[in-house]
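The chain contents come next:
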Amino acid sequence: MPPEPVRRGKPQVSGAGTTRHRFAILALLLFVFTFMLQSNEVAATTGLLNQVGSGQLLWVWAGGMASVMLTATLYALIVDRYQRVQLVGWAALVGAAAYLLVWCLFALALPLVLVYLAYYCVIVQHMAVLPLAIWTLGTDAFAVGEARRFFPWLVIMSLGGGLAGNAAAALLALVGLPGPQPTLLLNVGLGLALGLALPLLVRGTAIRSRQDRSTGSPWQTLQVGLAFLRQVPAFRYLSLIVVAISAGYTTIEYVFLSDLRAAFPSVEALQSFYGLFKVATLLAILLLQLFATPYLSRLEFKQVFAVMPSTLLLVLLLALLLPGLAVVVAGNFLARVVLQRVELPARKSFQALVPDERRGRVGAFLDGVLYPGGAMLGMALIGVMLGLGGAGLLAEARRWYLSAVLLLLGGALWAAIRFRQTYETGLLDWRLQRKRQRHDLLQKLDF
């Protein structure tokens, strides 16, 4: 039974709660959520590479991203009509049920290829819905100035959960419980605990969110988020940047996994290297948070959104000019670090500008529609070039799809320049007006 919608347009307030209490709740949610995803992702990725192979990986990814877009669209219909805490709790419970279903598929000894495909689809669905719900809850819990201070630390708590999840997956194998089944059962328990305990955790905490009172058709509801991105200049150019960096990141990830599969043919070697690589990446991000935050905080919003396209442009250009496993591994490492430490917290903090009653739908379009749409665009470019190469119509398909994605990233840099030019005037748009003074708002909007 779904939660009862809140129809009044007044902010919903739960108790008085301190800022520290709100931060602790969100940090716990992100830690547990990322633990669940990362522990499952190790088993799912290595299983897909060994059971399906890198040649079929694009089809699996495309199916997963298409399902993410559908889920995010459905999520956008309800996100601004219900209290965010309820949405997070229900998402955790549904995720636990989905992981239990995958465990049953393994227990029934169905064909492993189909089971791993289902496993991957469940992970990407959970990855699409819970971040949208949790980060939207975070933008409700903190004002823009608070979000600027706390969101990078919330990202670090999420990374800490990732470290723990990777370590847990390795530990289960070391104690004689390898394979996906023990990991799945562990995460079923965590999802149930998260969903059932959340109402108790938020009791007495001040989390305000303004619910939408409109009662239009589903298409009209979705148009609200789409219209906001189209009509506000800063968000329009940010949308173009998100699509391009998603395509670029998908491309370097495909090259990375394909090269790993060729270099490490055995399951044990592949899983060991991949797990250690992820741990090293997360540790690098944590070190950046500890030692580089004062320097990164000097980047304003109008500058920061050019960092990820520039990074991907460099990484893919090196992969094009200097092919080899070491270059690809280093490039993927750099792309992951910049995405998690610079681009993601900046994008989430910037979304705090969106009015409460539209914030969820705008976030759903950016993270749940445009981002997977960009990934599918990257997959389509790779697939077309590989298909032409397989038919003998194109030599060196890898060189061609890398070149095509480089052009997309060039377009992202142009969008970043336009974002900078329209940044301050765009923020004065009536759609971004809040109760605080415009001057105070602009003073707070540095990253």
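Residues numbered from 1 in each chain as written. Predicted model: local features only at pLDDT ≥ 70, side-chain atom pairs only at ≥ 80, totals over all residues. Heavy atoms only, no water.

1. Re the overall build of the protein
- A tally of helices and strands in the protein yields 16 helices and 2 strands.
- Contacts in the protein between residues at least 24 apart in sequence constitute 88% of all its contacts with a sequence separation of at least 6.
- Accessible surface, the protein: about 19,000 Å² in total, of which carbon and sulfur atoms supply 68%. (Helix = DSSP H or I, 4+ residues; strand = E, 2+ residues; numbered from the N terminus. Contact = heavy atoms within 4.5 Å. Areas by Shrake-Rupley, 256 points an atom, 1.4 Å probe, with all protein chains shown as cover.)

2. Topic: unusual backbone geometry
- Phi is positive for Ala-109, close to 55°, though the residue is something other than glycine.
- Residue position: Ala-109 is located in the loop between helix H3 (84–107) and helix H4 (112–141).
- For Ala-109, a relative accessible area of 65% translates into the label exposed.
- Despite not being glycine, Glu-396 shows a phi value in the positive range, around 55°.
- Locating Glu-396 in the fold gives a position in the loop between helix H14 (356–390) and helix H15 (397–427). (Buried < 20%, exposed > 50% of the residue type's maximum accessible area, 1.4 Å probe, protein only.)

3. Quick notes on the pattern of salt bridges
- On inspection of all chains with the given rule, the structure shows 5 salt bridges.
- The salt bridge partner of Arg-336 is Glu-253, with a shortest N-O separation of 2.8 Å. In this pair, Arg-336 is assigned in helix H13 (residues 325–350) and Glu-253 in helix H8 (residues 233–263), connecting sequence segments 83 residues apart.
- Under the relative-accessibility criterion, Glu-253 is labelled buried at 10%. (Salt bridge = Lys/Arg side-chain N within 4 Å of Asp/Glu carboxyl O.)

4. Some remarks on the nonpolar core
- Grouped together as the largest cluster of nonpolar side chains are 106 residues, with contacts concentrated most on Leu-29, Tyr-119, Phe-235, Phe-305 and Phe-350.
- Among the nonpolar cores identified, the runner-up in size contains 9 residues, and Val-155, Leu-159, Leu-286 and Val-337 belong to it. (Core = buried A, V, L, I, M, F, W, Y, C linked by side-chain atoms within 4.5 Å.)

5. So, the side chain of Thr-281
- Among the secondary structure elements, Thr-281 is positioned in helix H9 (residues 267–291).
- At a separation of 2.9 Å, a polar atom in the side chain of Thr-281 contacts the main-chain carbonyl oxygen of Phe-277. (Polar contact = N/O pair within 3.5 Å; in protein donor to acceptor, adjacent residues only side chain to side chain.)

6. Here we look at empty space enclosed by the protein
- Across all of its chains, the model carries 4 cavities of 30 Å³ or more by this definition.
- Looking at the largest cavity, its volume works out to about 1,400 Å³.
- The set of elements that each furnish at least two residues to the lining of the largest cavity consists of helix H1 (19–51), helix H2 (57–78), H4, helix H5 (144–174), H8, H9, H13 and H14.
- In terms of residues, the lining of the largest cavity owes the most to one element, H1, which gives 10 residues.
- For the lining of the largest cavity, a count of residues per class yields 31 nonpolar, 8 polar and 8 charged. (1 Å grid on protein atoms, 1.4 Å probe; cavity = no way out; pocket = protein on both sides within 12 Å on 5 of 7 lines; lining within 4 Å. Points joined across faces, edges and corners; volume = space filled by probe spheres on them. Nonpolar A, V, L, I, M, F, W, Y, C, P; charged D, E, K, R; others polar.)

7. Details of the packing of H1 against helix H6 (residues 180–201)
- One way to put it is that H1 packs onto H6 with a least axis distance of 9 Å and a crossing angle of 165°. Put simply, H1 runs roughly antiparallel to H6. Read as a crossing pair, H1 and H6 show a hand that is left-handed. Counted together, His-21, Ile-25, Leu-28, Leu-29, Val-32, Phe-35, Met-36, Ser-39, Asn-40 and Ala-43 of H1 and Pro-180, Thr-183, Leu-184, Leu-186, Asn-187, Leu-190, Gly-191, Leu-194, Leu-198 and Leu-201 of H6 form the full contact between these two elements.
- Broken down by class, the residue content of the contact of H1 with H6 amounts to 14 nonpolar, 6 polar and no charged. (Axes fitted to C-alpha atoms, helices over the stretch in contact; angles between N-to-C directions. Parallel < 35°, antiparallel > 145°, perpendicular 65-115°, else oblique. Left-handed = near helix turned anticlockwise from the far one by under 90°.)

8. Quick word on the side chain of Arg-336
- Residue class for Arg-336 comes out buried when judged on its relative accessible area of 11%.
- Look past the residues within four positions of Arg-336 in its chain and what remains in contact with it is Tyr-249, Glu-253, Phe-256, Tyr-274, Phe-277, Lys-278, Thr-281 and Ile-285.

9. As for H13
- In this model H13 runs 36 Å from its N-terminal to its C-terminal C-alpha over 26 residues, within 8% of the 38 Å that 1.5 Å per residue would give.
- The principal kink in H13, of about 40°, is found at Leu-339.
- Among the 26 residues of H13, 19 are classified as buried, and the element is accordingly described as predominantly covered. (Expected span 1.5 Å × (residues − 1). Bend = angle between axes of the 7 residues up to and from the residue.)

10. Digging into a nonpolar patch on the surface
- Taken together, Leu-314, Leu-317, Leu-318, Leu-321, Leu-322 and Leu-334 make up a surface patch of nonpolar side chains, about 520 Å² in accessible area.
- Relative to the helices and strands, Leu-317 is located in helix H12 (residues 307–321). (Patch = residues over 30% accessible without salt bridge, like charges linked within 9 Å, V, L, I, M, F, W, Y side chains within 5 Å.)

11. A closer look at the packing of aromatic side chains
- Applying the stated criterion to the full structure yields 10 aromatic pairs.
- Summarising the aromatic geometry, the rings of Phe-305 and Phe-419 are spaced 5.2 Å apart at their centres and angled 75° between planes, so their arrangement reads as edge-to-face. Separated by 114 residues along the polypeptide, Phe-305 in the loop between helix H11 (301–304) and H12 and Phe-419 in helix H15 bring together distant segments of the chain.
- When its relative accessible area of 3% is taken as the criterion, Phe-305 is described as buried.
- Judged by its relative accessible area of 0%, Phe-419 falls in the buried class.
- Aromatic ring contacts, followed pair by pair, group Trp-61, Tyr-254 and Tyr-401 into a single cluster. (Phe/Tyr/Trp six-rings, centres within 6.5 Å; stacked < 30°, edge-to-face > 60°.)

12. Observations concerning the confidence of the model for the protein
- Of the residues in the protein, 75% have a pLDDT of 70 or more, and the chain-wide mean is 77.
- Element-level pLDDT for the protein is lowest in strand E1 (residues 11–12), with a mean of 38, against a maximum mean of 94 in H12.
- Note on residues 434–447: pLDDT under 50 across the span, and 38 contacts to partners over four residues away in sequence or across chains. (pLDDT = per-residue confidence, 0-100.)

13. Re the environment of Ala-280
- If you trace the backbone, Ala-280 turns up in helix H9.
- The exposure class assigned to Ala-280 is partly exposed, which follows from its relative accessible area of 36%.
- Each C-alpha atom, one on Ala-280 and one on Phe-333, is 8.6 Å from the other, the two residues being 53 residues apart in sequence.

14. Looking at the packing of H9 against H13
- It is at 10 Å that the axes of H9 and H13 come closest, and there the two elements cross at 45°. Here H13 runs oblique to H9, going by the angle between their axes. Crossing of H9 over H13 shows right-handed handedness. Of the residues in H13, those touching H9 at Phe-273, Tyr-274, Phe-277, Lys-278, Ala-280, Thr-281, Ala-284, Ile-285, Leu-288 and Gln-289 are Val-329, Asn-332, Phe-333, Arg-336, Val-337, Gln-340 and Arg-341.
- Of the residues that constitute the contact of H9 with H13, the class distribution is 10 nonpolar, 4 polar and 3 charged.

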